[in-house]
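Structural overview for review
Residues per chain, in single letters:
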Amino acid sequence: MSVPFAVFASGSGTNMQALLDHEDRGAAYRIEALIVDRACAAEGRARGKGRAVYRVDFGESGAGAEVVRLLGRHAARGLLLAGFLKLLPAEVCRAYPDGILNVHPALLPSFGGKGMYGERVHRAVLDSGAKLSGPTIHLVNERYDEGRILAQWPVPVLPDDTPQTLAARVLEVEHLLYPAAADALARGLAGRRDGTAGPAGFAAPRFRWPGTEAHGGAGLGESIRNAFGGAVE
């Protein structure tokens, strides 16, 4: 039985689409609902798969309680932030300890924090002279990008990169890494003896890299080479 999840998004929803596509291939989770803070393309992706969509004004008093109520309506046990630009209300974080994942487009703890999203992140990476970037999957708490890191995947920064070309290369890898991390979270939640989103009886997620034999696909090295267009040996 799949673990019910909800997704939070604010933009194009390409990571949500990757999560939905992975679900079609037999994921350990099922996305039951999407919550957004603004009109965005992610809404169409969710509705196209018959999933519930809610638009919430996170600036209003009581938004956190409203979100928890909506999540309860769908019995969501895990939450996935996919390009969501707001800080989650404290009520939501408290209701889902160790049950919320976010994907950040750089190697945390560098290039994170308030206001660090999208092109700003990639521009900061290039300005720093870093030779590697890549997505980070981390647990979410009440502070931006400070939760425990679950997985990272290095992506080379090429000499002629722009923020846009680096962003496109990192995003390709996000689409592989995030569904694998979501699967790990779902398996961990399924192992919690009390059946809640809380920490009691928590079974630590066992992460499986995408493309490994555990998934019946190509080796990890081949997956990386494919993602980088042959740029990595």
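Keep in mind that what you see is a predicted model, and the values were worked out from it rather than measured.

The helix and strand tally for the chain stands at 7 helices and 9 strands. Here the analysis covers contacts within the chain between residues at least 6 apart in sequence; of these, 64% occur between residues at least 24 apart. Of the roughly 10600 Å² of accessible surface on the chain, a fraction of 50% belongs to carbon and sulfur atoms.

In this section: the pattern of salt bridges. It is possible for side chains bearing opposite charge to pair when their charged atoms get close. Considering all chains together, one arrives at 10 salt bridges under this definition. Among the salt bridges present, the one from Arg55 reaches Glu43, with a minimum N-O distance of 2.9 Å. Here Arg55, found in strand β3 (residues 52–55), pairs with Glu43, found in helix α2 (residues 41–48); they are 12 residues apart in sequence, far enough to count as distant. Two residues, Asp161 and Arg169, come together in a salt bridge whose shortest N-O distance is 2.8 Å. The residues Asp161 and Arg169 share a single accessibility class, namely buried. Sharing partners across several salt bridges, the network here consists of Glu23, Arg30, Glu32 and Arg51.

On to the packing of aromatic side chains. Aromatic rings in a pair are described by how distant their centres are and how their planes are angled relative to each other. Scanning all chains against the criterion turns up 3 aromatic pairs. Ring geometry for Phe8 versus Phe84: centroids 5.4 Å apart, planes at 70°, classification edge-to-face. On the criterion of sequence distance, the pair formed by Phe8 in strand β1 (residues 3–9) and Phe84 in the loop between β4 (78–81) and α4 (90–95) is long-range, its members being 76 residues apart. Like Phe84, Phe8 is buried.

Attention shifts here to the environment of Ala18. On the secondary structure map, Ala18 appears in helix α1 (residues 14–24). Between the alpha carbons of Ala18 and Pro179 there is a distance of 6.9 Å; along the sequence they are 161 residues apart. For Ala18, the residues in contact, after removing those within four places along its chain, are His175 and Pro179.

Core analysis: the largest hydrophobic core is formed by 39 residues, its most contacted members being Phe5, Leu34 and Leu80. Contributing elements (two or more residues each) for this core: β1, α1, β2 (29–36), α2, β5 (100–104), α5 (119–128), β7 (136–139) and α6 (163–190). No other element matches α6, which puts 10 residues into this core. Non-local contacts of Leu34, meaning those with residues more than four positions away in its chain, are made with Val7, Phe8, Ala9, Met16, Ala42, Glu43, Ala46, Ala52, Val53 and Tyr54. The next biggest cluster of nonpolar side chains, apart from the first, holds 21 residues, and it includes Val56, Phe58, Cys93 and Ile100.

Next up on the list: unusual backbone geometry. With an omega of 15°, the peptide bond between Leu108 and Pro109 qualifies as cis. Of note in the backbone geometry, Phe111 takes a positive phi value of approximately 60° without being a glycine. Its place among the elements puts Phe111 in the loop between β5 and α5. Classification of Phe111 as partly exposed rests on a relative accessible area of 23%. A positive phi angle, close to 60°, is found at Asp145, a residue other than glycine. Here Asp145 lies in the loop between β7 and β8 (149–152).

Each value, and the rule that gives it
- Residues numbered from 1 in each chain as written.
- Predicted model: local features only at pLDDT ≥ 70, side-chain atom pairs only at ≥ 80, totals over all residues.
- Heavy atoms only, no water.
- Helix = DSSP H or I, 4+ residues; strand = E, 2+ residues; numbered from the N terminus.
- Contact = heavy atoms within 4.5 Å.
- Areas by Shrake-Rupley, 256 points an atom, 1.4 Å probe, with all protein chains shown as cover.
- Salt bridge = Lys/Arg side-chain N within 4 Å of Asp/Glu carboxyl O.
- Buried < 20%, exposed > 50% of the residue type's maximum accessible area, 1.4 Å probe, protein only.
- Phe/Tyr/Trp six-rings, centres within 6.5 Å; stacked < 30°, edge-to-face > 60°.
- Core = buried A, V, L, I, M, F, W, Y, C linked by side-chain atoms within 4.5 Å.

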